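# A closer look at the structure
Chain residues, written in single-letter form:
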Amino acid sequence: MKTKPANAITGLIFVITGIFILLANLEIIPMPSASEAWPAFILLPAVGFHAGFFLSGRKRELAGLLVPGGILLVISLLFFFETATGFTYSAYTWPVYLLAPAFGLFELWYFGKREKGLLIPISILTGIAVFSWGEMLMSAVGRLWPVIFILIGVYLLFGRRKAKGID
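What comes next is a walk through the structure. As the structure is a prediction and not an experimental result, all values here were calculated from the model.

## Observations concerning the packing of aromatic side chains
- The final tally for this structure, using the stated rule, is nine aromatic pairs.
- By the ring-pair criterion, three or more aromatic residues cluster together here, those being Phe-53, Phe-54, Phe-106, Trp-109, Tyr-110 and Phe-111.
- Over the ring of Trp-109 we find Arg-114; its NZ or CZ atom is 4.8 Å from the centre of that ring.

## A word on helix α4 (residues 66-84)
- Spanning 19 residues, α4 covers 26 Å between terminal C-alpha atoms, matching the ideal 27 Å at 1.5 Å per step.
- Tucked into the core, α4 has its buried residues touching α2 (34-37), α3 (40-55), α5 (90-93) and α6 (96-111).
- In the stretch just after α4, Gly-86 is the one whose phi turns positive, near 65 degrees.

## Remarks on the packing of α3 against α4
- The interhelical angle for the contact between α3 and α4, taken along N-to-C directions, is 150 degrees, at an axis separation of 8 Å. When you trace α3 past α4, the crossing you get is left-handed. Facing Ala-40, Ile-42, Leu-43, Pro-45, Ala-46, Phe-49, His-50, Phe-53 and Phe-54 of α3, the residues of α4 in contact are Leu-66, Pro-68, Gly-69, Gly-70, Leu-72, Leu-73, Ser-76, Phe-79 and Phe-80.
- Residues of the contact of α3 with α4, tallied by class, amount to 14 nonpolar, four polar and no charged.

About the thresholds
Residues numbered from 1 in each chain as written. Predicted model: local features only at pLDDT ≥ 70, side-chain atom pairs only at ≥ 80, totals over all residues. Heavy atoms only, no water. Phe/Tyr/Trp six-rings, centres within 6.5 Å; stacked < 30°, edge-to-face > 60°. Lys NZ or Arg CZ within 6 Å of the ring centre and 35° of its normal. Helix = DSSP H or I, 4+ residues; strand = E, 2+ residues; numbered from the N terminus. Expected span 1.5 Å × (residues − 1). Contact = heavy atoms within 4.5 Å. Axes fitted to C-alpha atoms, helices over the stretch in contact; angles between N-to-C directions. Left-handed = near helix turned anticlockwise from the far one by under 90°. Nonpolar A, V, L, I, M, F, W, Y, C, P; charged D, E, K, R; others polar.

If you want it as structure tokens, here you go:
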């Protein structure tokens, strides 16, 4: 008898959860506190969405499962990082919230029908995130950003000649 994908996903989640709890009860691995483990409640559905797609044989018509799966996966990994660091870097990691839907949509594009229209929101969200990190980097660097112009100028003056063999 063939197992339905939903039963396979649910069964897989129960097996993994059971193994984890058993290893923690046997003190083979440490049991994290609730204040450390709460991002797992976001990770589990993310794994479920991905498992649903991949256990279905990667059918293109089910690639939509990867959008919420990708979003939840990125957000859960971000929250694991933030929890481990005491949210110290949250002022710098906020662009990941923009990358989460971009990642989910990228998975849909990659495993789906590769509709070019999906690349527009993916590019916009990724661009805003990268620009935001660039702005933070530029403000951190402060007055030293003209060094970039100097390095480009030095390369154009001296690097190009050497590359072309002109002395």
